[in-house]
Amino acid sequence: MTTQKLRIVVMNGQKIIQALVNNEWETTGTIKKVEEGIKPGIYNIYLAKPPGDKKRYEGKIVYIDKENAVFYQQTGKDFIVYRLNAVDGKPVAGKDMIIEYDGEKAHLTQMDFHKKTRTIRI
């Protein structure tokens, strides 16, 4: 996994990947169009933790780092980092996904919001 401190800055429909170099954030790579579903803001993905003893994670895929073979998922206010080769399926940035572990291998499924809605009767 990466040892470099990275963050994603999303604004005006663009995303910028920045790395901390000499205590200053510097843009790495090019400015790219942000994937649909990712809201404007600063995503401090260097705070991401590997999946722990929990077997199920729900949240939005915010960044896929093909160079380091990892991807990041935002679950609430936290970030989880996964190895691409440890996941059965292909993560899609900007999509809400459920990642469930079955032993060492993880399975990706897209979240269905229609099943999560609740009806309150008065």
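Remember, predicted model here, so these are calculated numbers, not experimental data.

## Observations concerning the nonpolar core
Judged by nonpolar contacts, the single largest core of 16 residues is most densely connected at I8, Y43, I45, V62, Y63 and Y72. Of all elements in the fold, only β1 (6-11), β2 (14-21), β5 (56-65), β6 (70-75) and β7 (78-83) reach the threshold of two or more residues within this core. Ranked by the residues each element gives to this core, the list is headed by β1, at three residues. Filtering out sequence-adjacent residues up to four positions away, V62 remains in contact with I8, I38, Y43, I45, Y72, Q74 and F79. One finds Y82, V87, I99 and Y101 within the second-largest nonpolar core, a separate group that totals eleven residues.

## Observations concerning the packing of aromatic side chains
Tallied over the full model, the rule gives six aromatic pairs. Judged by centre distance (6.1 Å) and plane angle (75 degrees), the rings of Y57 and Y82 are edge-to-face. Here Y57, found in strand β5, pairs with Y82, found in strand β7; they are 25 residues apart in sequence, far enough to count as distant. Residue Y57 is classed as buried on the basis of its relative accessible area, which comes to 6%. Geometrically, the ring pair formed by F71 and Y82 is stacked, given 5.0 Å between the ring centres and 25 degrees between the ring planes. Of the two residues, F71 sits in strand β6 while Y82 sits in strand β7, which places them eleven residues apart along the sequence.

Definitions and limits used
- Residues numbered from 1 in each chain as written.
- Predicted model: local features only at pLDDT ≥ 70, side-chain atom pairs only at ≥ 80, totals over all residues.
- Heavy atoms only, no water.
- Core = buried A, V, L, I, M, F, W, Y, C linked by side-chain atoms within 4.5 Å.
- Buried < 20%, exposed > 50% of the residue type's maximum accessible area, 1.4 Å probe, protein only.
- Helix = DSSP H or I, 4+ residues; strand = E, 2+ residues; numbered from the N terminus.
- Contact = heavy atoms within 4.5 Å.
- Phe/Tyr/Trp six-rings, centres within 6.5 Å; stacked < 30°, edge-to-face > 60°.

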